[in-house]
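Geometric and topological summary
Take a look at the letters that make up each chain.
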Amino acid sequence: MSEANTSEMAAVSIRHLSKSFDDVEVLRDVELEVKTGEVVTIIGSSGSGKSTLLRCINWLEKPDRGSIHIAGQRIGIHEDGRPMPVRELAKVRAKTGMVFQGFNLWPHLNVLHNVTEAPIHVQGASKREAEERAMALLEKVGMVDKRDSYPNTLSGGQKQRVAIARALAMQPEVMLFDEPTSALDPELVGEVLAVIKDLSAEGYTMVMVTHEMAFARAVSDQVVFLEKGLIIERADPETFFTTPKTDRVRKFLENHDTPSPA
Amino acid sequence: MNASAWHMLLEGAWTTLWISAVSIAIGVMAGLVIALIRLARIPIVDQLLVLYISVARATPLVTLALFIFLSAPDLGLDLNRSVAGILALSLNTTAFNAEIWRSAFRNFSREQSEAAMATGMTPWITFRRIMLPQMVITSLPGLVNEMSFLIKGSPAIAVIGIVDLTRVTNRISAVTYEPLPPILVAGALYMAIIGCLVWLQRLAERRANRLAT
């Protein structure tokens, strides 16, 4: 992900994205561009469409209209409107890594195998190669000594760190975080945020839905505020948190712990 | 009981064992395939499968075995007794197994399969690597139950002339005029077979604890 020409090409490019569930419009003509190496945080109250937007990026949710490109490649539908066959869709999806609110580790596999499963069976990596890569990632998230443990013996924070390693193992162009700390006990939030912060320092491209305002302010390059499926404000974190343009955002920030300057 | 009686009993046990084992193997696989096909909800195909499942579940094994064995010649099929017996047992157990697998599919965590898809797994790899290993463990109690029902119901195939573990006791007592010893031995052998299955089930239960997160 460090080639020079990728800096011009967006890691994620979302155009005119719309999506409804039954009669409710959850996304309305959303436009978003995430440059390589950039950290974009999506903020908004619950039901604003944040998670849906994130889940559209890797096509776990199928948008009704609009287009999404991952590192220049269209996901879900071909440019001529043909739906993408499942194998091809899976290939584009592999360019993204996702971390879920509920961790979603595979309970029948131990920590190491949770991380090696996709590299071996999707990328065709050899067992040795996959395990070497996995160990390096488990090192990064501080879970090496738990490599033989099964998910049900781990704390929430440990599970989430393994889930991050699992997503990284596919060497994605962009990491998608869907409220990665919302299901954690307060004392476990820090260890997960620390890992994500390290990743941002290493230059990973990330799109994150979160309620951790101080964290969003510290790591983001761009903050996007979603309200009823519309992006009503977007700015760099300083501007966003200190001088919001709309009353809606001002009100939202008042109701959350407004972070002190980083 | 003399040596020849013992020999006959063991032969009967073997017949019960291999015919049941083949039927179980067919039934477990075919049940899974039917459950998979039903996931796709193909019109007409789905209705036909539902029809098959309700008919097979409602038909007594003896009736099914007789029907298959007696109707085969009319259909131009030359079935020997064992094949007809296996067909009857398989048709019966497949229907029950299809329902067991189907509920395993229905109860499988959507979040886990989403996590699999998100890493770039195709639906097929997701099924094979993530869903199936867990579905086997969670379905095993139900499947083993069905296996032991099948074994206990297998004397029904005696109706088409197969000399299984139950039928053989009749033959022995017809000679010895002592029906009790062979029946007792047969009972013990059934218990041994079912015992093995229950042991298998325990093994699976130990693994299942891991899945309960």
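Reading the values: the criteria
Residues numbered from 1 in each chain as written. Chains lettered and ligands numbered in written order. Predicted model: local features only at pLDDT ≥ 70, side-chain atom pairs only at ≥ 80, totals over all residues. Heavy atoms only, no water. Helix = DSSP H or I, 4+ residues; strand = E, 2+ residues; numbered from the N terminus. Expected span 1.5 Å × (residues − 1). Polar contact = N/O pair within 3.5 Å; in protein donor to acceptor, adjacent residues only side chain to side chain. UniProt positions renumbered as here; feature names shortened; annotations may be inferred. Pairing = 2+ DSSP bridges. Contact = heavy atoms within 4.5 Å. Axes fitted to C-alpha atoms, helices over the stretch in contact; angles between N-to-C directions. Buried < 20%, exposed > 50% of the residue type's maximum accessible area, 1.4 Å probe, protein only. Salt bridge = Lys/Arg side-chain N within 4 Å of Asp/Glu carboxyl O. Patch = residues over 30% accessible without salt bridge, like charges linked within 9 Å, V, L, I, M, F, W, Y side chains within 5 Å. Areas by Shrake-Rupley, 256 points an atom, 1.4 Å probe, with all protein chains shown as cover. Buried area = accessible area lost by both parts, 1.4 Å probe. Nonpolar A, V, L, I, M, F, W, Y, C, P; charged D, E, K, R; others polar. 1 Å grid on protein atoms, 1.4 Å probe; cavity = no way out; pocket = protein on both sides within 12 Å on 5 of 7 lines; lining within 4 Å. Points joined across faces, edges and corners; volume = space filled by probe spheres on them.

Quick look at helix α4 (residues 81-107) of chain B now. Along its 27 residues, α4 of chain B runs 39 Å from first to last C-alpha, staying within 8% of the 39 Å computed at 1.5 Å per residue. With a side-chain oxygen positioned 3.0 Å from the backbone nitrogen of Ser 82 of chain B, the residue opening α4 of chain B is Asn 80 of chain B.

With that settled, consider the UniProt feature "domain: ABC transmembrane type-1" (unreviewed entry) in chain B. The UniProt feature table records "domain: ABC transmembrane type-1" (unreviewed entry) at residues 13-202 of chain B. The annotated region residues 13-202 of chain B carries 81% helix and 0% strand content, and the separation between its end C-alpha atoms amounts to 24 Å.

All names here are of chain A. Sheet architecture is open: four strands sit in the order β2-β1-β4-β5, paired in antiparallel fashion. At either margin of the open sheet sits one strand with a lone partner, and together these are β2 (24-35) and β5 (73-74). Lying on the sheet, helix α1 (residues 50-57) is in contact with β1 (10-21), β2 and β4 (65-70); it crosses β1 at an angle near 125 degrees.

Attention now moves to the pairing of strand β7 (residues 174-178) of chain A. All names here are of chain A. Across the five residues of β7, five count as buried, placing the element largely inside the fold. Residues Val 174, Leu 176 and Asp 178 of β7 are buried on one face, and the alternating residues Met 175 and Phe 177, pointing to the opposite face, are buried as well. Direction of pairing for strand β6 (residues 96-99) relative to β7: parallel, over a ladder of four bridges. The residue of β7 that forms the bridge with Val 99 is Phe 177.

Residues and elements named next belong to chain A. With mixed pairing, the six strands of this open sheet are ordered in space as β6-β7-β8-β3-β9-β10. Each edge of the open sheet is held by one strand with a lone partner, namely β6 and β10 (230-235). Looking at each pair of strands side by side, their axes are set apart by 20 degrees on average, direction ignored. With respect to the sheet, helix α5 (residues 156-168) is in contact with β6 and β7, its orientation differing from that of β6 by roughly 170 degrees. Along the sheet, helix α6 (residues 186-201) makes contact with β3 (39-43), β7 and β8 (206-209), crossing β8 at roughly 150 degrees.

Here the focus is the pattern of salt bridges. Any two side chains of opposite charge can pair, so long as their charged atoms come close to each other. Applying the stated criterion across every chain yields a total of 20 salt bridges over all chains. In this structure, the salt-bridge partner of Asp 46 of chain B is Arg 38 of chain B, at a minimum N-O distance of 3.1 Å. As far as burial versus exposure is concerned, Asp 46 of chain B and Arg 38 of chain B are alike and both buried. Within this structure, Arg 55 and Glu 61 of chain A together with Arg 110 and Glu 114 of chain B form a network of salt bridges that share partners.

A few words now on a nonpolar patch on the surface. Residues Val 33, Ile 37, Ile 42 and Val 45 of chain B make up a contiguous nonpolar surface patch of about 280 Å² in total accessible area. Counting through the fold element by element, Val 33 of chain B comes out in helix α1 (residues 3-39).

Here the focus is unusual backbone geometry. Residues and elements named next belong to chain B. A positive phi is found at Arg 41, a non-glycine position, where the angle reads about 50 degrees. Within the secondary structure layout, Arg 41 lies in the loop between α1 and α2 (45-58). The class for Arg 41 is exposed, based on a relative accessible area of 66%. Its identity as a non-glycine residue notwithstanding, Tyr 177 has a phi of 55 degrees, on the positive side. Within the fold, Tyr 177 resides in the loop between α7 (165-176) and α8 (180-211).

Much of the literature gives interface size as the accessible area that the parts lose upon coming together. The interface of chain A with chain B comprises 26 residues on the first partner and 23 residues on the second. With both sides pooled, the region where chain A packs onto chain B buries about 2,100 Å², and carbon together with sulfur makes up 64% of that total. The largest per-residue losses of area from chain A upon contact with chain B belong to Trp 106, Pro 107 and His 108 of chain A, which jointly make up 28% of the total buried on that side. Taken together, chain A and chain B are joined by two salt bridges. Along the contact surface separating chain A from chain B lie seven residue pairs in polar contact (both at pLDDT 80 or more). Those elements giving two or more residues to the side of chain A that touches chain B turn out to be α2 (86-93), β6 and α3 (111-123) of chain A. Classifying every residue of the side of chain A that touches chain B gives 15 nonpolar, six polar and five charged.

Below, the discussion takes up the layout of surface pockets. Taken as a whole, the largest pocket encloses approximately 370 Å³ of empty space. Taken together, 13 residues form the lining of the largest pocket, with Ser 113, Met 117, Pro 123, Thr 126 and Met 131 of chain B sitting closest to its centre. Looking at the lining of the largest pocket, the elements with two or more residues in it are α1, α5 (110-118) and α6 (123-153) of chain B. Within the lining of the largest pocket, the residues separate by chemical class into eight nonpolar, two polar and three charged. By volume, the second largest pocket is sized at about 270 Å³. As for the second largest pocket, its lining consists of 14 residues, of which Arg 87 and Ala 90 of chain A together with Gly 120, Thr 122 and Ile 125 of chain B are closest to the centre.

The UniProt feature table records "domain: ABC transporter" (unreviewed entry) at residues 12-253 of chain A. As annotated, residues 12-253 of chain A has a helix share of 38% and a strand share of 25%, and its two end C-alpha atoms lie 27 Å apart.

What follows covers the UniProt feature "transmembrane region" (unreviewed entry) in chain B. Residue and element names in this part refer to chain B. When the UniProt feature table is mapped onto this chain numbering, "transmembrane region" (unreviewed entry) sits at residues 12-37, 49-70 and 180-200. Taken end to end, residues 12-37 comprises 100% helix and 0% strand; its first and last C-alpha atoms sit 37 Å apart. The span residues 180-200 shows a helical share of 100% and a strand share of 0%, and its end C-alpha atoms are spaced 31 Å apart.

Here the focus is the environment of Pro 180 of chain A. Residue and element names in this part refer to chain A. With respect to the element layout, Pro 180 can be found in the loop between β7 and α6. When the C-alpha positions of Pro 180 and Ile 164 are compared, they lie 9.4 Å apart, and in sequence the two are 16 residues distant. When residues no more than four places from it in sequence are discounted, the contact partners of Pro 180 are Val 99, Gln 160, Val 192, Ile 196, Met 208 and Val 209.

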